[in-house]
Each structure stands twice: as C-alpha cells, then as structure tokens.
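# Survey of secondary and tertiary structure
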Amino acid sequence: EAGVVQSPRYKIIEKKQPVAFWCNPISGHNTLYWYRQNLGQGPELLIRYENEEAVDDSQLPKDRFSAERLKGVDSTLKIQPAELGDSAVYLCASSLVGPGAGADTQYFGPGTRLTVL
Amino acid sequence: KNEVEQSPQNLTAQEGEFITINCSYSVGISALHWLQQHPGGGIVSLFMLSSGKKKHGRLIATINIQEKHSSLHITASHPRDSAVYICAVVIKAAGNKLTFGGGTRVLVKP
C-alpha cells in the first residue's frame, strides 16, 4: 500500500515568489495534517482537515498561507508571497480518524524541503 | 517552557552500545508517540503508547503516566540507527492535538 505522497521533494525559490506543495494521503484516511518543521526543531501543526473541512487552522499564517482539500482526498498548501523565514520542511501526514475520536497513528510523508533565497 | 522536553538533544554512541532517550511532558495526555526521522527523509512512527511498555526488535519504549515521562531505548545500537528521534504527545486539553518535542539527534559510530 502506498504511503503519504508529497511533491515536490525539494523547491528553491526567490523571496516574494509563490509556491505550492501537494499531498496525497493514504487511501481511506479522513484526516490530513500539514506541518512545518524548522531546522533542529520538531514539527509544528499548520492545519488539520477532517475530510474537506479545515477543523484546526489556528497556527496557519493566513496573510500568506492558504490550503485546500476540495474533495476530501488530496490537498495543496500554498505560500504567496514567500519570505526568507518560510524556509523549512513542510510535512504532510494522514490518519484514519481524527484525534478527537481518540489517539490515532499519523503517517507522515517524506516532506518538501523549501529554500527561499 | 515547552510542553514536551527531550534529553539529550544530541547523542553519540559506539556501535553496540545501549542508548536511552528521555521525554518529559507537563500536560495531561491521552497517548505518546515516538517517531524516527532520517536526514532528508520523512517521519516514521515507531511506537504509540498510553501505558506500560512496548518492544519492537531492538527498540523498547516505556511510559510512566504518573511521572509524565517516557523513554526510548535502543539495544545493540547500529550505525543505521543514526537519526533524529522525536517524542510527540496527544494533549487532551488541546482537542487531542499532537505536540512535538525538539528531537534527539543520535549518531552511532561504527
């Protein structure tokens, strides 16, 4: 069974440019997470979807970040415009049920390493 | 103060040595995860614990809910165990949100 798929794996852009990341979760997983991981730190949650609904986006910088999961399957995270401080690894994860239904294992994708010059 | 603290931040061991990584947390949790992240790679879930002890191969994870503490042990360490090990807790009061520690960078030398 395929795991969580993310693309691209690496992206280098200049500041003020837009960038988008794509994630396809494990088939049948209703809950999808986007995390940002800065160098030497643990991941920080940006947004959590249950099906197509964003149920926790409190940590998403909404002035420049947006996300969508239109059909409740794959998801896109966008940054426009990118800033130097956005350089990080963006991780996508999925789980069968949301955390509100009890702790459930999250399966992580390989991440997209973004470098903003 | 972070809700999840790991120690040590960095650890270097010789092949074959026994390794222990510690995780302390300050909030009520419903479960704790130990995750492994290789350089340039994604994150792999090793264990999910809510009590007691779990073992998988050379890896052992324990949790003491009363003391709010968990440990990850690697027996007979091998260079392929070199990775960042991350402790993450599911916080009850935050809608069961997963909150991560800063990770422990482990290097096992041959």
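On a predicted model such as this, the values are computed, not experimentally measured, just so you know.

### Thoughts on the overall build of chain B
A tally of helices and strands in chain B yields zero helices and eleven strands. Written out in order from the N terminus, the α and β elements of chain B read β-β-β-β-β-β-β-β-β-β-β. Its C-alpha radius of gyration of 13 Å places chain B within 12% of the 13 Å reference for a compact globule of 110 residues. For chain B, the proportion of its 110 residues judged to be buried stands at 45%. Excluding contacts between residues fewer than 6 apart, the proportion of contacts in chain B whose partners are at least 24 apart in sequence is 55%.

### Considering the overall build of chain A
When its secondary structure is counted, chain A shows zero helices and eleven strands. Its C-alpha atoms give chain A a radius of gyration of 13 Å, near enough to 13 Å, the size a compact globule of 117 residues would have. Considering only C-alpha atoms, chain A reaches an extent of 40 × 30 × 25 Å along its principal axes. Buried residues in chain A amount to 45% of all 117 residues. Taking all contacts inside chain A whose residues are at least 6 apart in sequence as the whole, residues at least 24 apart take part in 56%. Split by element, the accessible area of chain A, about 5,800 Å² in all, is 48% carbon and sulfur.

### Some thoughts on the sheet that holds strand β8 (residues 69-74) of chain B
Residues and elements named next belong to chain B. Taking strand neighbours across the sheet as the criterion, the five strands line up as β1-β3-β8-β7-β6 in an open arrangement whose pairing is antiparallel. The two strands at the open ends of the sheet, each matched to only one other strand, are β1 (4-7) and β6 (52-56). Going from strand to strand, the sheet's axes swing by 15 degrees on average, the running direction of each strand aside. As paired elements, strand β3 (residues 19-25) and β8 share six bridges and run antiparallel to each other. Bridge pairing in β8 links T20 to H73.

### A word on the layout of surface pockets
Space left empty within the atom packing is revealed by a probe, the size of a water molecule, rolled over the atoms. Estimated volume of the largest pocket: approximately 1,100 Å³. Considering the residues around the largest pocket, the lining is formed by 45 residues, among which Q37(A), N38(A), G40(A), Q41(A) and G42(A) are closest to the centre. Of all the secondary structure elements, the ones that give two or more residues to the lining of the largest pocket are β4 (31-37), β5 (44-50), β9 (88-95) and β11 (112-116) of chain A together with β1, β10 (97-100) and β11 (104-109) of chain B. Counted by class, the lining of the largest pocket contains 14 nonpolar, 23 polar and eight charged residues.

### Overview of the interface of chain B and chain A
Each partner contributes residues to the interface: chain B has 20 residues there, and chain A has 22 residues. Carbon and sulfur atoms supply 56% of the area that chain B and chain A bury against each other, a total of about 1,500 Å² over both sides. Here chain B and chain A share zero salt bridges between them. The tally of links from chain B across to chain A stands at one residue pair in polar contact (both at pLDDT 80 or more). Of all the elements in the fold, those that place two or more residues in the side of chain B that touches chain A are β4 (29-37), β5 (43-49), β9 (83-91) and β10 of chain B. Among the elements that take part in the side of chain B that touches chain A, β4(B) stands out by supplying five residues, more than any other.

Cut-off values and rules
Residues numbered from 1 in each chain as written. Chains lettered and ligands numbered in written order. Predicted model: local features only at pLDDT ≥ 70, side-chain atom pairs only at ≥ 80, totals over all residues. Heavy atoms only, no water. Helix = DSSP H or I, 4+ residues; strand = E, 2+ residues; numbered from the N terminus. Rg over C-alpha atoms; globule rule 2.2 N^0.38 Å. Buried < 20%, exposed > 50% of the residue type's maximum accessible area, 1.4 Å probe, protein only. Contact = heavy atoms within 4.5 Å. Areas by Shrake-Rupley, 256 points an atom, 1.4 Å probe, with all protein chains shown as cover. Pairing = 2+ DSSP bridges. Axes fitted to C-alpha atoms, helices over the stretch in contact; angles between N-to-C directions. 1 Å grid on protein atoms, 1.4 Å probe; cavity = no way out; pocket = protein on both sides within 12 Å on 5 of 7 lines; lining within 4 Å. Points joined across faces, edges and corners; volume = space filled by probe spheres on them. Nonpolar A, V, L, I, M, F, W, Y, C, P; charged D, E, K, R; others polar. Buried area = accessible area lost by both parts, 1.4 Å probe. Salt bridge = Lys/Arg side-chain N within 4 Å of Asp/Glu carboxyl O. Polar contact = N/O pair within 3.5 Å; in protein donor to acceptor, adjacent residues only side chain to side chain.

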